[in-house]
Amino acid sequence: MTTRTGSAAETLPPEASYEELTAMLTAIVERMEESDLTLDEALEAYERGVALVQRCNELLDNAELRISELSAGLLRGEASGSAEFRRASLFDPDDELEDEE
Amino acid sequence: MAGSIRARRAGGTFGRRGAAAGGSGLGPRILDVATVTAYIKQLFDADPILSDIWIRGEVSNFTRSSAGHLYFSLKAEGAELPCVLFKGSALRLTFFPGNGDAVLAHGNMSIYEARGRYQLYVDELQPEGTGLLQLQFQALRAKLEREGFFDEARKRPLPAYPRVIGVVTSATGAVWHDIQSVLRRRYPLCELILAPTLVQGDEAPAMIVRALEALQLDGRAELIVVARGGGSMEDLWCFNDEQVARAVFACRVPVVSAIGHETDYTICDYVADVRAPTPSAAAEVIAPHVREMAIEVAGLYERLEGAARERLRLLSDDTASWGNRLQRHSPQSQIRQERLRLDGTTDRMARLLESRLATERRSLIAADRQLRLLHPAAIMERGFAMVTDPQTGRRLGAAAALSPEQAVDLTFHDGHVGAVIKSVAIDRRRQNEE
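Residues numbered from 1 in each chain as written. Chains lettered and ligands numbered in written order. Predicted model: local features only at pLDDT ≥ 70, side-chain atom pairs only at ≥ 80, totals over all residues. Heavy atoms only, no water.

A. The overall build of chain A, seen in detail. When its secondary structure is counted, chain A shows 6 helices and 1 strand. For chain A, the sequential pattern of α-helices and β-strands runs α-α-α-β-α-α-α. Relative to its 101 residues, chain A shows a buried fraction of 36%. Of the contacts made within chain A by residues no fewer than 6 positions apart, 56% connect residues no fewer than 24 positions apart. Taken as a whole, chain A presents about 6,300 Å² of accessible surface, with 47% of it coming from carbon and sulfur. (Helix = DSSP H or I, 4+ residues; strand = E, 2+ residues; numbered from the N terminus. Buried < 20%, exposed > 50% of the residue type's maximum accessible area, 1.4 Å probe, protein only. Contact = heavy atoms within 4.5 Å. Areas by Shrake-Rupley, 256 points an atom, 1.4 Å probe, with all protein chains shown as cover.)

B. Layout of the packing of aromatic side chains. Residues and elements named next belong to chain B. One pass over the structure, following the stated rule, counts 7 aromatic pairs over all chains. Relative to F249, the ring of F149 lies with its centre 4.2 Å away and its plane at 20 degrees, an arrangement referred to as stacked. Here the residue F149 occupies a position in the loop between α5 (132-146) and β6 (164-169), and F249 occupies one in helix α8 (residues 242-250), the gap between them amounting to 100 residues. For F249, a relative accessible area of 28% translates into the label partly exposed. Among the aromatic side chains, those forming a connected cluster through ring pairs are F150, Y265 and Y270. For R275, the ring lying beneath its charged end belongs to Y265, and the centroid distance is 3.8 Å. We note R325 situated over the ring of W322; from NZ or CZ to the ring centre the distance is 4.6 Å. (Phe/Tyr/Trp six-rings, centres within 6.5 Å; stacked < 30°, edge-to-face > 60°. Lys NZ or Arg CZ within 6 Å of the ring centre and 35° of its normal.)

C. The arrangement of the interface of chain B and chain A in detail. On the side of chain A, 45 residues touch chain B, which itself brings 39 residues to the contact. In total, chain B and chain A occlude about 3,600 Å² of area from one another, counting both sides; carbon and sulfur atoms represent 66% of this. On the chain B side of the interface with chain A, the three residues burying the most area are B:V297, B:L304 and B:R311, jointly 18% of the side's total. For B:E191, the salt bridge goes to A:R66, with nearest N and O atoms at 3.7 Å. In terms of residues, the side of chain B that touches chain A owes the most to one element, helix α11 (residues 290-329) of chain B, which gives 15 residues. Within the side of chain B that touches chain A, the residues separate by chemical class into 28 nonpolar, 1 polar and 10 charged. (Buried area = accessible area lost by both parts, 1.4 Å probe. Salt bridge = Lys/Arg side-chain N within 4 Å of Asp/Glu carboxyl O. Nonpolar A, V, L, I, M, F, W, Y, C, P; charged D, E, K, R; others polar.)

D. Structural context of the side chain of B:R228. Residues and elements named next belong to chain B. Note that R228 resides in strand β8 (residues 223-228). For R228, which is buried and forms no salt bridge, the nearest opposite charge comes from D235, at a distance of 4.8 Å. Within polar-contact distance, the side chain of R228 engages the side chain of Q200 at 2.3 Å. (Lys, Arg positive; Asp, Glu negative; His and termini not counted. Polar contact = N/O pair within 3.5 Å; in protein donor to acceptor, adjacent residues only side chain to side chain.)

Encoded structure:
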């Protein structure tokens, strides 16, 4: 069975996690196994399912462990918590104190 | 009081006699037994050391009252201290004392007013040799357990596929390195955020608490691992700290505790949602292996293929059965049937026609034969002649039509003859019949 997965893949949410992708895939498989689908519906579901399988495998193959460290400011208990503050961890912690003042 | 006694010696208005008599205001204070006893009791109860004290000694004179309370003395060289352990606390004892046992007893010193004696009201008893650290550990453990910190019901399940994992541990040392390498191999889909902290010493508890709070403030971590490598009880002591326990309990995301070796249990381990025996084991508990995930995906793909194939088969079966039904009712077959019928009809028609023709033909032949028989020429060939009037050509078919001397024509099969009638004789009988 040959299919075009281009359009089906485009409709997948780009930031979906493995968990979300497999949940969608499981839903499609169960729908195909249990419901009465027309030929069009079955083909569309299959295309989408294949796109999901490909995206899952991409995720698994291309995964790279990301490591980061909390900013010193956050560890000192300064309650900012914004992304801005996290980027501040690249600078000398003493600079942050000056900014606070 | 001392001052007033001096005054009495110096002044002498009342003298000794006055003092002995008691009197009001300026005499020596004389107290009754209850008051004095209450005063002594108050001294004991208010004293910070005596109201919360651990005492080491040897058990002696151990008895049990009928009400179920335990009475004994703690002995050491040159001193003896009466103790009572009430039934309620006795029921909670994990260790039952006997005479001669070296023990550590905890409680408060107070006065038993009715008997005028001081005694230790014991709430906890441990065999000697347990060590103070161990006692503190057990005391805190009991306390937190009573407060529900270890309840299984409040322990939260770990997310199946965490995307961000917080790690509270030392930035140096093997633990952080091991966690990274295990996860890189098993589950590289995630992000690790290190909240570095000291993991031993007096400053450690506060840092651990801050690390936990900072990770929650950052907000991305879906679960937090608190980890430390092996060490002595003193080394791991910071993870028995009450503030650390409360911080772990209050944590908004599940906490996995991986402290020391397999046999080391800290308060942190009890409070956490999951305890792992070692930091590497923790890395395995918190995440699946990508291998398993790939197998899961492959399984779903197989089901997808199977379901699609089955769905198509059902659809085409449907189509085939509809096709058959359509076929049976199609104009084509109707046309064929009509044609068959037509052929039959045509055949019958042809046969009918033929038999009619045959019948007519026979009639014709019979008629023809009759005609031929009746044809005058056939009669004439048998020898008869036709008599006709020579002028009119009219046939004269009876003798009555003739008279003598009449001229007639006679037609024979081979020619004509003219004749004259000689005589006529009518047969009367035949005349009458006509």
